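Read off the chains here:
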Amino acid sequence: MLPSALYYCCMLDSRILMRGSPRSDGIADRLAQRDAVRCFEGKTKLAGQWMFCLSRICRPTMGEACRTPDVCGLTIIRLHDTLAIGEGSVGKTDALTSWRTGMDRAMREHRELSYLCAACRMMLYKRDMAERQRVWRELPSFFDSVLAGWEGIAS
Ligand SMILES: [Zn+2]
């Protein structure tokens, strides 16, 4: 199976991965055991990647364009903490999902997070994009598979 198909399967409930999904004729569509094992292992790795992305996005290192690095550095650390303990953060396997919506919502809802300057906000958006590109490139490795040509597909 292609890594992208395995990735999709990792969004499925574990019971469906084990038992399969019933078709209209009553027969269950089921993954080969080898692919099911890859998905269970992949789920764990993708959940780790989801949180790893957040940590890499919210590194408190500001770019040269930032004029308030002390304020922005602290704000980025607080943003990370707010998102990391937020609802739905732990155990989520959809590591290709952008953190941008969550970042924007947190900055709207928490006054102390609204102090982030425009340059740092753009920096976080760029990191978010870069992280999703990295996860996509590395996708085969999460399923213990090497796919010739994936680099070309992924870029
Ligand atoms: Zn800044």
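Refer to the structure above for everything that follows.
Residues numbered from 1 in each chain as written. Predicted model: local features only at pLDDT ≥ 70, side-chain atom pairs only at ≥ 80, totals over all residues. Heavy atoms only, no water.

1. Details of the packing of helix α4 (residues 69-84) against helix α5 (residues 100-109)
Packed helix pairs are specified by the crossing angle of their axes together with the interaxial distance, meaning the distance between the axes. Applied cut-off: Here, axes are lines fitted to C-alpha atoms. For helices the fit covers the stretch in contact, and angles between N-to-C directions go from 0 to 180 degrees. A run of H or I in DSSP counts as a helix once it spans at least four residues, and a run of E counts as a strand once it spans at least two, with each numbered from the N terminus. Each angle is binned into one of four classes, with values under 35 degrees roughly parallel, values over 145 roughly antiparallel, values of 65 to 115 roughly perpendicular, and all other values oblique. Contacts are assigned to residue pairs with any non-hydrogen atoms lying within 4.5 Å of each other. Think of it as three bins: nonpolar holds Ala, Val, Leu, Ile, Met, Phe, Trp, Tyr, Cys and Pro, charged holds Asp, Glu, Lys and Arg, and polar takes everything else, Gly as well.
Interaxial distance between α4 and α5 falls to 10 Å at its minimum, and their mutual angle equals 110°. One way to sum up the angle between α4 and α5 is to call them roughly perpendicular. Along the contact surface, α4 presents L79, T82 and L83, while α5 presents G102, M103, A106 and M107. Considering only residue class, the contact of α4 with α5 consists of five nonpolar, two polar and no charged.

2. So, the coordination of the zinc ion
Put simply, the rule is: We call an atom a donor if it is N, O or S and sits within 2.8 Å of the metal, or 3.2 Å for Na, K and Ca. Water is not counted, so some sites may look partial. For four-coordinate sites, all angles between 85 and 135 degrees define a tetrahedron; for four- and six-coordinate sites, opposite donors beyond 155 degrees with the remaining angles between 65 and 115 define square planar and octahedral shapes respectively, and all other cases count as irregular. The buried label goes to any residue with under 20% of its type's maximum accessible area, the exposed label to any with over 50%, and the partly exposed label to all in between, with areas taken from a 1.4 Å probe on protein chains only.
Coordination sphere of the zinc ion, protein contribution only: C66 (SG), C72 (SG), C117 (SG) and C120 (SG), at 2.3 Å. Coordination at the zinc ion is tetrahedral: its four donor atoms span angles of 102 to 119° at the metal. On the basis of relative accessibility, which here comes to 1%, the residue C120 falls in the buried class.

3. Here we look at the packing of α5 against helix α6 (residues 118-142)
Operational definition: Should the near helix be turned counterclockwise from the far one by less than a right angle, the crossing is left-handed, whereas a clockwise turn marks it as right-handed.
Contact geometry of α5 with α6 gives a least axis separation of 10 Å together with a crossing angle of 155°. What the angle tells us is that α5 and α6 run roughly antiparallel. Crossing handedness for the pair α5 and α6: right-handed. The segment α5 lies against α6, with R100, M103, D104 and M107 engaging R121, L124, Y125 and D128.

4. Digging into α5
Residues three or four positions apart in an α-helix share a direction because the helix packs 3.6 residues into each turn. Within α5, burial applies to G102, M103, D104, A106 and M107. Next to the buried residues of α5 lie α3 (33-57), α4 and α6.

5. A word on the environment of G102
The topology assignment puts G102 in helix α5. In this structure, the C-alpha to C-alpha distance between G102 and L79, residues 23 residues apart in sequence, is 9.8 Å.

6. Considerations on the packing of aromatic side chains
Remark: the centre distance and the inter-plane angle together describe each pair of aromatic rings, the angle taken between the planes. Formally: Only centres within 6.5 Å qualify two rings of Phe, Tyr or Trp (six-membered ring in Trp) as a pair; their planes then separate them into stacked at under 30 degrees, edge-to-face at over 60, and tilted for everything else. For a Lys NZ or an Arg CZ to count as sitting over a ring, it must be within 6 Å of the ring centre and within 35 degrees of the ring normal.
One pass over the full model with this rule turns up one aromatic pair. Here the aromatic rings of W50 and W99 are separated by 4.0 Å at their centres, their planes lie at 15°, and the arrangement is stacked. With W50 in helix α3 and W99 in the loop between α4 and α5, the pair connects residues that are 49 residues apart, well separated along the chain. With respect to class, W50 is no different from W99; both count as buried. Over the ring of W50 we find K92, and its NZ or CZ is 4.6 Å from the ring centre. R100 extends its terminal NZ or CZ atom over the ring of Y125, reaching a point 3.6 Å from the ring centre.

7. A closer look at the nonpolar core
Our working definition: Among the buried residues, those of types Ala, Val, Leu, Ile, Met, Phe, Trp, Tyr and Cys that are joined through side-chain atoms within 4.5 Å form a nonpolar core.
Counting residues in each nonpolar core, the largest one holds 34 residues, and the members touching the most others are L46, L79, W99, M103, L124 and F143. Taken together, the elements giving at least two residues each to this core come down to α1 (3-9), α3, α4, α5 and α6. Each residue touching M103, except ones within four places of it in the same chain, is listed here: I57, L79, L83, L124, Y125 and D128.

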